[in-house]
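Below are the chains, spelled out letter by letter.
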Amino acid sequence: MSLFDHAVEAAEFLRGRGFVGAEAAVVLGSGLGTFADGLSDAFAVPYADIPHWPASGIIGHAGRLVGGRVRGRRVMALSGRVHLYEGHPMTSVTFAMRVLGRLGVPVVILTNAAGGINTRFGQGALMLIDDHINLMGTNPLIGLNDERFGPRFPDMSEVYSSRLRSMVRDAAAAAGVALEHGVYLGVHGPSFETPAEIRAFRAWGADAVGMSTVPEAIVARHMGLEVLGISCITNMAAGVLPQTLNHEEVMETARRVGAAFVSLLEGTVERL
Ligand code: HPA
């Protein structure tokens, strides 16, 4: 069975469970899962029940797909994702995007926890992703191209939709949420970066660094979905402050800014 057939099968399964007509899907990053709790008329399916869907083992990721409504809009929330650093192949890391594509979901909002490279950012800042740099050392589209998904050489000149980005800025202004914007640089992980790497990334024009989002954004664009990305700056990147980095701090900051993050997401969905 091909990846395409797997995606079709998973999408059919989800249609049967009521996942139809969603106007957007939101992928919730580490510690940012509370958006899913706010859905009305909610229904959920554990990832483990979905055919061919990979299981994530990391703490802070619940591992379920939630459907429901937010301010009148039908949405899907992906609570938990699999990362490249867990050892999963790229096809698994981006499988959810393939399924969303087959379900006909037009918009995907990718959220993540990220380290702040731009020294103007504060810990807990929310950053709208303008563009990305793929430094993962690989690409999710490597291998034979299946034209049923998209073209061999997809354009990446506007991965993060400027139309949707202006909606996020409006939502931030209306909700009184401070919003930064900048370039997200994706690394493979799982080790955090060294201070020298962070200085290099800053010179390349990166404002934040993280271990997700880039593969999903590439695959979503391959299928022609409209993409948005929002980072929660859970910590300043290595060497910016005289302190070490740890995953607990990432989770704690994400939880602390949870309410602002959720109101930004809800206001964005409302404007779709
Ligand atoms: N580096 C990479 N990924 C991250 C970080 C970081 O500092 N913080 C949260 N995710």
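Notes on the structure in this doc start here.

So, how was this worked out
Residues numbered from 1 in each chain as written. Predicted model: local features only at pLDDT ≥ 70, side-chain atom pairs only at ≥ 80, totals over all residues. Heavy atoms only, no water. Helix = DSSP H or I, 4+ residues; strand = E, 2+ residues; numbered from the N terminus. Rg over C-alpha atoms; globule rule 2.2 N^0.38 Å. Buried < 20%, exposed > 50% of the residue type's maximum accessible area, 1.4 Å probe, protein only. Contact = heavy atoms within 4.5 Å. Near = heavy atom within 4 Å. Polar contact = N/O pair within 3.5 Å; in protein donor to acceptor, adjacent residues only side chain to side chain. 1 Å grid on protein atoms, 1.4 Å probe; cavity = no way out; pocket = protein on both sides within 12 Å on 5 of 7 lines; lining within 4 Å. Sits in = over half its atoms within 2 Å of the grid points. Points joined across faces, edges and corners; volume = space filled by probe spheres on them. Nonpolar A, V, L, I, M, F, W, Y, C, P; charged D, E, K, R; others polar. Salt bridge = Lys/Arg side-chain N within 4 Å of Asp/Glu carboxyl O. Phe/Tyr/Trp six-rings, centres within 6.5 Å; stacked < 30°, edge-to-face > 60°. Lys NZ or Arg CZ within 6 Å of the ring centre and 35° of its normal. Pairing = 2+ DSSP bridges.

Here we look at the overall build of the protein chain
Looking only at helices and strands, the protein chain has nine helices and nine strands in total. Taking 19 Å as the expected radius of gyration for a compact globule of 272 residues, we find that the protein chain reaches 17 Å, a close match to that expectation. Based on the C-alpha atoms only, the size of the protein chain along its principal axes is roughly 50 × 40 × 35 Å. Within the protein chain, the proportion of its 272 residues that are buried is 54%. Long-range contacts, defined here as pairs at least 24 residues apart, represent 83% of the contacts in the protein chain between residues at least 6 apart.

Quick word on unusual backbone geometry
Omega for the bond connecting G189 with P190 falls within 30 degrees of zero, at 5 degrees, which places this linkage in the cis form. Tracing the backbone shows P190 in the loop between β7 (180–187) and α6 (195–203). Even without glycine at this site, T213 takes up a positive phi of about 70 degrees.

Looking at the site of the ligand
Close contacts around the ligand come from A113, A114, G115, F192, E193, V209, G210, M211, T234, N235, L245 and V250, and that covers them all. A distance of 2.7 Å separates a nitrogen atom of the ligand from a polar atom in the side chain of E193. Judged by the fraction of its atoms near the pocket grid, the ligand is located in the largest pocket. Listed by contribution, the elements that provide at least two residues to the shell around the ligand are β5 (107–116), β8 (208–210) and β9 (226–236). Of all the elements, β5 adds the most residues to the shell around the ligand, at three residues.

A look at empty space enclosed by the protein
Throughout the structure, instances matching the rule amount to two cavities of 30 Å³ or more. Taken as a whole, the largest cavity encloses approximately 110 Å³ of empty space. Lining the largest cavity are 14 residues, with W53, G80, R81, V82 and A96 sitting closest to its centre. Among the secondary structure elements, those contributing two or more residues to the lining of the largest cavity are α3 (90–93) and α4 (95–103). The element contributing the most residues to the lining of the largest cavity is α4, with three residues.

Re the layout of surface pockets
Any space left empty among the atoms is revealed by the rolling of a water-sized probe across them. Its volume calculated, the largest pocket comes out at about 340 Å³. Lining the largest pocket are 22 residues, with A113, F192, M211, H247 and V250 positioned closest to its centre. Contributing elements (two or more residues each) for the lining of the largest pocket: β5, β8, β9 and α8 (247–256). Residues of the lining of the largest pocket, tallied by class, amount to eleven nonpolar, nine polar and two charged. Surrounding the second largest pocket, 14 residues form its lining, L3, T91, R98, L144 and F149 being those nearest its centre. Tallied by class, the residues present in the lining of the second largest pocket amount to seven nonpolar, five polar and two charged.

Describing the pattern of salt bridges
Tallying each qualifying case throughout the model produces eight salt bridges. Two residues, E12 and R15, come together in a salt bridge whose shortest N-O distance is 2.5 Å. Residue E12 and its partner R15 are located together in helix α1 (residues 3–16), separated by three residues, close to a single helical turn. In this structure, R81 engages E216 in a salt bridge whose closest nitrogen and oxygen atoms are separated by 2.9 Å. Of the two residues, R81 is situated in the loop between β4 (73–79) and α3 and E216 in helix α7 (residues 214–222); the sequence distance between them amounts to 135 residues. Among the charged side chains, a network of salt bridges with common partners joins R71, E266 and E270.

Considering the side chain of R81
Judged by relative accessible area, R81 falls into the buried class, the value being 5%. Only 2.9 Å separates the side chain of R81 from the backbone oxygen of T111, close enough to count as a polar contact. Polar side-chain contacts of R81 include one of 3.3 Å to the side chain of S212.

Brief notes about the packing of aromatic side chains
Under the defined criterion, the tally for this structure stands at five aromatic pairs. Ring-pair connections join several aromatic residues into one group, and the members of that group are Y47, W53 and F95. The ring of F149 has R98 lying over it, and the distance from NZ or CZ to the ring centre is 4.1 Å. A cation over a ring is seen here: R148 above F4, with NZ or CZ 4.1 Å from the ring centre.

Digging into the pairing of strand β6 (residues 126–135)
Bridge count between β6 and β9: three bridges; the pairing is antiparallel. Looking at the pairing, M127 lines up with S231 of β9. Where β6 and β7 come together, eight bridges link them in parallel fashion. Note that in β7 the partner of I129 across the bridge is G182.

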